[in-house]
Amino acid sequence: MLELRHLKKYFHVGNTTTKALDDVSLSFRDKEFVSILGPSGSGKTTMLNIIGGLDKYDSGDLLIKNKSTKNFKDTDWDAYRNNSVGFIFQSYNLIGHLSILDNVELGMTLSGVSSEERTQKAKDALTRVGLGEHIGKKIAQLSGGQMQRVAIARAIANDPEILLADEPTGALDSQTSVQIMNLIKEISKDRLVIMVTHDEELAKDYSDRIVRFADGKIQDDTNPYDDSNRNQQFNLKRTKMSWWTALKLSFTNLKTKKGRTLLTAFASSIGIISIAIVLGLSNGFRIQIGQTQGETLSKFPITISQVATQTSVGSSITKDKSDTSKSENINYVIAQQDQSEAATHANKIDSNYLDYLTKINPNDSNNISYNRATGMNLLREVNGKIQSVKFSTQSDNGSNMSQQMSAMTGMGVSVFPEQLDQSKGNFLKDNYQLVNGEYPSNPTDVVLIVDKDNKTNINALKNLGFDVSNDQKLDYNQIIGTNIKLVNNNNYYQQLPTGNFMPTQDLTTAYNNSQNREVKVVGILKSNENSRTTALAPGIAYSDKLAQEIIQDNANSEIVKAQKESDNNVLTGQPITSDMAKTQTLAFLGGNDIPTSILIYTDNFKNKENVLTYLNRYNEGKSDEDKIIYTDMAGTVSSLTGGLMDGITYVLVAFAGISLVTSMIMIGILTYTSVIERTKEIGVLKALGARKSDITHVFDAETFILGLGSGVLGVGIGYLALFPINALLYQITNMENVANLNPVHAIILIIISTALTMLGGHIPSKMASKKDASTALRSE
Ligand code: ADP
Ligand code: MG
């Protein structure tokens, strides 16, 4: 069965060399009970370990069924231990955190025996060693003799051909020893048993053959044998531990030290907790900013004005960074445009561009409002007296402010957007609810916009001729139905002998002219509860169609014709100095239908991007002068805040990351401790045929469990921590549920935690796998 040929094994420690095996030659039969006797330190254990493949010889050869093991690889030895050898040790070497049954099954899990067969074989073996009734007990509840029986059951469960026993009764009393010896004797009937012992009596009473050892040499053999002439077959079945076994081993091990495991998991989850909170906060703020941005979008539409200001802060800063080093040897000055002037761009809005705008995809923006400089000649009868009224506080000299400005400064007048596509809803009906009256249906229908408390701009009312003081209440019916006459230029302006024009003094005649259009306040509207749109400022709002009709009416009026020819303002007589001023004056008189500003409303960021892309396309291939520049205030604001948030998030995550690395090191230390603690277990696993990689798997599995555990714990605590944080933020900012951890982030964090801890524990795992099995088993 086995043949040792001139085996040598020397140990070198410092300068001394111990000849543990010094030219040992010995053969064993297939079935016999051999006792190895000899004083302590004579090399008995060393020989047993070499026979069992736990230790490697220096020279000579070990033949297993006539097959040399000189060229055995690690995996061959692993398979040999697992298939052919059973070990019994003096100190039992059971794995305390596993059940009795699991201990016995362990070797078979490595050789891939099915779970039912494994359990059956384990139960049979336990019955055979007389422990059938104790299967349910824990290892720690067993006596020494019982533990040794479990060890024997483990050794014979898979029916190995060789049983190696190293002083199996060394720790037992004499009565128990006899029982164990009987058991081993019985087992030796169908296999080779090699037993190392101190006990001469037991050896003589039970074994078939006694080999005496001293100083690594054989002194005496009572029944020598020659194995070399026999024909024998030797096959090895490779072993492999499943991940499941590795996980189970590690899990039961961790279970025995719950307190420490939990504490470690918690400590190492702190990194995850802090990252979870940081991500939750930044995610929350981002959502909040997104919502605010949505609101801002409607407050600050894309604006195209006749005069655009390029508000690129960056470029003006870089301009300042001019090269100063050259200024020493120069003798000239440079004429330069003022920066704010340089940043001003005259947009040549023309009918082409207006056409282009009408082709914006209605899905991206269905609402565009046009502000025109057109003045309106409005007359109203108040208490029997005709008086001049107006919608806005617009000054009468022809200058105009954009609607955006009026919305912000409370001028009390707005133009509601035109629908590009009527089928896609109605701006007023979708965003404003009726307080009283009805929605406008004609161009001459105007509405009064109030805020959520029914307040409106006092100037809007005063301009319409209402005599109101601050906080005064007006009945709905005082306002609804208010009739205003819109007089055309020819009926409103009189030419003076000087050639200049002035508004008619006879308001009553003008008021009663049959050519007048009749403008009517038809409804009072307020913003919908859930509408984010506050495009219309409290005050009067009218349709752009009204302005267009006025322009149509007045395009060929006397005053417009006169103004077109004159270089002076025909109303004031003042000279007009620039083309721009002339255009504006004409526009005020209705002689020009180009809007002063255009506001394009979008619902969300994506639509806005599309519209901006569309607007940019217009400028492609155009000279700088002909380009139309728009202003996107919301974009500027949100890109600023977005960048800021990103910066803050990165810094915080970096800090939290440091604690994550700390956690990783902690897990490394813990695994290292675990490796030290489980040295014996590593030895046992190796004795049972576990490969190096199996050992690595066991410890990787442990760090996997720890990493996963601390990840889940960290994310869980992170989620919980967000509740008080949100409560606090609500107190401070009045924003509800700001912090909000994205589930995707949570899962990624758990994965990161698992991966990092496995990384931290992998080095100790590798160390564990390299541990020498015989040394591992010798350690106490
Ligand atoms: P026995 O089992 O007969 O008591 P061992 O085989 O354990 O003896 O040891 C034989 C000799 O080899 C002893 O002198 C022991 O100190 C030495 N020895 C065993 N293992 C090692 C080792 N790993 N390193 C150094 N010396 C060792
Ligand atoms: Mg020994």
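Starting from 1, residues in each chain are numbered consecutively following that chain's sequence as written. Chain A is the first chain written and ligand 1 is the first ligand written, with later ones labelled in order. This being a predicted model, a pLDDT of at least 70 is required before a residue's local features are given, and a value of 80 or more before pairs of side-chain atoms are given or counted; all residues contribute to the totals for chains, interfaces and linings. The side-chain values count all of the structure's non-hydrogen atoms but skip hydrogen atoms and water molecules.

### Quick notes on the overall build of the chain
Each helix corresponds to a stretch of at least 4 residues labelled H or I by DSSP, and each strand to a stretch of at least 2 residues labelled E; elements are numbered beginning at the N terminus. Broken down by element type, the chain carries 27 helices and 26 strands. For 780 residues, the compact-globule estimate of 2.2 N^0.38 gives 28 Å, and the chain exceeds it by more than 25% at 48 Å. Its C-alpha atoms give the chain principal-axis dimensions of about 150 × 75 × 45 Å. Partly exposed describes any residue whose relative accessible area lies between the buried limit of under 20% and the exposed limit of over 50%, with all areas from a 1.4 Å probe on protein chains only and scaled to the type maximum. A total of 780 residues make up the chain; the buried ones form 49% of that total. Per-residue and other accessible areas follow the Shrake-Rupley method at a 1.4 Å probe size, with only the shown protein chains counted as cover for residues. In the form shown here, the chain has an accessible surface area of approximately 38100 Å², with 52% of it arising from carbon and sulfur atoms. Looking at charge distribution, the chain has the averaged site of its 77 positive side-chain charges lying 6 Å from that of its 82 negative ones. This radius of gyration counts C-alpha atoms alone. The globule rule is 2.2 Å times how many residues there are, raised to the power 0.38. Only four residue types enter the tally: Lys and Arg on the positive side, Asp and Glu on the negative side, with His and both chain ends excluded. Note that the charge is assigned to NZ on lysines, CZ on arginines, CG on aspartates and CD on glutamates.

### Quick notes on the pattern of salt bridges
The salt bridge criterion pairs a side-chain nitrogen of Lys or Arg with a carboxyl oxygen of Asp or Glu, the two atoms within 4 Å. All chains considered together, the criterion is met by 33 salt bridges. One salt bridge in this structure joins Arg260 and Glu677, with 3.1 Å as the shortest N-O distance. In this pair, Arg260 is assigned in helix H9 (residues 258-299) and Glu677 in helix H23 (residues 633-677), connecting sequence segments 417 residues apart. Note on Glu677: relative accessible area 45%, which makes it partly exposed. Each of the salt bridges in this network shares a partner with another, and the network as a whole consists of Arg29, Glu32, Arg209 and Asp221.

### Some thoughts on the site of ligand 1
Looking at ligand 1, there are 13 residues lining it, with Gly41, Lys44, Thr45, Thr46 and Arg778 nearest. As used in this structure description, the phrase polar contact means that two N or O atoms lie within 3.5 Å; if the pair is within protein, one of them must be able to donate a hydrogen and the other to accept it, and residues adjacent in sequence are counted only when both atoms belong to side chains. Ser42 is positioned with one of its backbone polar atoms (N or O) 3.1 Å from an oxygen atom of ligand 1. In the model, an oxygen atom of ligand 1 is placed 3.0 Å from a nitrogen or oxygen of the Gly43 main chain. Going through the elements one at a time, strand S1 (2-13), strand S2 (16-28) and helix H1 (44-51) are the ones with two or more residues in the shell around ligand 1. In terms of residue count, H1 provides more of the shell around ligand 1 than any other element does, three residues in total. Note that Gly is not counted as nonpolar here; it falls among the polar residues with everything else outside the nonpolar set of Ala, Val, Leu, Ile, Met, Phe, Trp, Tyr, Cys and Pro and the charged set of Asp, Glu, Lys and Arg. Along the lines of polarity and charge, the residues of the shell around ligand 1 split into four nonpolar, seven polar and two charged. Think of it this way: one heavy atom of a residue within 4 Å of a molecule or strand is enough to make that residue near it.

### Comments concerning the sheet that holds strand S5 (residues 67-68)
Here, strands pair whenever DSSP counts at least two bridges between them. Reading across the sheet, the four strands line up as S2-S1-S4-S5 and stay open at both edges, with antiparallel pairing between neighbours. Single-partner strands in this sheet number two, and they are S2 and S5. Relative to S2, S1 runs antiparallel, the two sharing ten bridges. Residue pairing in the sheet places Glu3 in a bridge with Ser27 of S2.

### Let's talk about the UniProt feature "transmembrane region" (unreviewed entry) in the chain
Feature annotation in UniProt assigns "transmembrane region" (unreviewed entry) to the following positions: residues 262-281, 648-672, 701-723 and 743-761. Taken end to end, residues 743-761 has its terminal C-alpha atoms 27 Å apart, with 100% of it in helix and 0% in strand. UniProt positions are given in the numbering used here, feature names are shortened, and annotations may be inferred rather than shown by experiment.

### What to know about the domain arrangement of the chain
Taken as a whole, the chain is organised into domain 1 (2-239) and domain 2 (255-293 + 640-778). Start and end points for every domain follow an automatic or database-based domain assignment. Measuring from the centre of the C-alpha atoms in domain 1 to the corresponding centre in domain 2 gives 43 Å. We call two residues contacting when some pair of their heavy atoms lies within 4.5 Å. Contacts between domain 1 and domain 2 engage 20 residues on the former and 19 residues on the latter. Buried area: the accessible area, evaluated with a 1.4 Å probe, that two parts lose upon being put together, summed over both parts. Roughly 1700 Å² of surface becomes buried between domain 1 and domain 2 when both sides are summed, with 59% attributable to carbon and sulfur atoms.

### Points about the packing of helix H8 (residues 243-256) against helix H25 (residues 692-733)
One way to put it is that H8 packs onto H25 with a least axis distance of 8 Å and a crossing angle of 60°. Here H25 runs oblique to H8, going by the angle between their axes. As H8 packs across H25, the resulting crossing turns out to be right-handed. Here H8 contributes Trp243, Ala246, Leu247, Leu249, Ser250, Phe251, Asn253 and Leu254 to the contact with H25, which in turn contributes His697, Val698, Asp700, Ala701, Glu702, Phe704 and Ile705. Tallied by class, residues from the contact of H8 with H25 come to ten nonpolar, three polar and two charged. Axis definition: a line fitted to C-alpha atoms, limited for helices to the stretch in contact. Angles are taken between N-to-C directions and run from 0 to 180 degrees. Put simply, angles under 35 degrees are roughly parallel, angles over 145 are roughly antiparallel, angles from 65 to 115 are roughly perpendicular, and the rest are oblique. Here a crossing is called left-handed whenever its near helix is offset anticlockwise from the far helix by less than a right angle, and right-handed whenever the offset is clockwise.

### Observations concerning a nonpolar patch on the surface
Put simply, a patch holds well-exposed residues, over 30% relative accessible area, that have no salt bridge, with like charges counted together within 9 Å and Val, Leu, Ile, Met, Phe, Trp or Tyr side chains within 5 Å. A surface patch of nonpolar side chains, amounting to about 400 Å² of accessible area, comprises Tyr672, Ile676, Ile763 and Met767. When residues of the nonpolar patch are traced back to their parent elements, those giving at least two are H23 and helix H26 (743-770). Along the chain, Ile676 turns up in helix H23.

### Some points on the confidence of the model for the chain
The predictor's confidence in any single residue is recorded as pLDDT, a number from 0 to 100. Here the chain averages 84 in pLDDT, and 91% of its residues register 70 or above. Long-range and interchain partners of residues 312-321, a stretch whose pLDDT sits below 50, account for three contacts in this model, where long-range means more than four residues apart. Taken together, the stretch residues 394-410 has pLDDT below 50 and engages in 30 contacts with residues farther than four places along the chain or on a different chain.

### Overview of the sheet that holds strand S14 (residues 367-371)
Strands sit in the order S11-S26-S14-S18 across an open sheet of four strands; the sheet is antiparallel. In this open sheet, the two edge strands, each paired with only one partner strand, are strand S11 (302-305) and strand S18 (418-419). Here S14 pairs with strand S26 (residues 597-601) via five bridges, running antiparallel. Residue pairing across strands places Asn367 opposite Tyr601, the latter belonging to S26.

### A closer look at the environment of Lys385
Tracing the chain through its elements places Lys385 in strand S16 (residues 385-389). Overall, Lys385 belongs to the exposed group, its relative accessible area being 56%.

### Focus on the nonpolar core
Only buried residues count toward a nonpolar core, which is a set of Ala, Val, Leu, Ile, Met, Phe, Trp, Tyr and Cys residues joined through side-chain atoms within 4.5 Å. Core analysis: the biggest nonpolar cluster contains 53 residues, and Leu2, Leu4, Phe28, Met47, Ile51, Tyr80 and Ile194 have the highest contact counts within it. Split by domain, this core shows at least three residues from each of two domains, domain 1 (2-239) and domain 2 (255-293 + 640-778). Apart from the residues lying within four places of it in its own chain, the contact partners of Tyr80 are Leu2, Ile51, Gly52, Gly53, Ile64, Phe72, Val85, Ile162, Phe234 and Leu236.

### Examining the environment of Leu571
Looking at where Leu571 falls in the secondary structure, it is placed in the loop between helix H20 (558-565) and helix H21 (579-588). Separated by 200 residues in sequence, Leu571 and Lys771 place their C-alpha atoms 104 Å apart. When near neighbours in sequence (up to four residues on either side) are disregarded, Leu571 contacts Tyr493, Phe501, Met502, Ile559 and Leu589.

### Some thoughts on the pairing of strand S24 (residues 517-527)
Pairing between strand S19 (residues 432-437) and S24: five bridges, direction antiparallel. Looking at the pairing, Leu434 lines up with Leu525 of S24. In terms of strand pairing, strand S20 (residues 445-450) meets S24 through six bridges, oriented parallel. Bridging from a neighbouring strand, Asp445 pairs with Lys520 of S24. Pairing of strand S21 (residues 483-486) with S24, which is carried by four bridges, proceeds in the antiparallel orientation. When the bridges of S24 are listed, Leu486 appears paired with Arg517.

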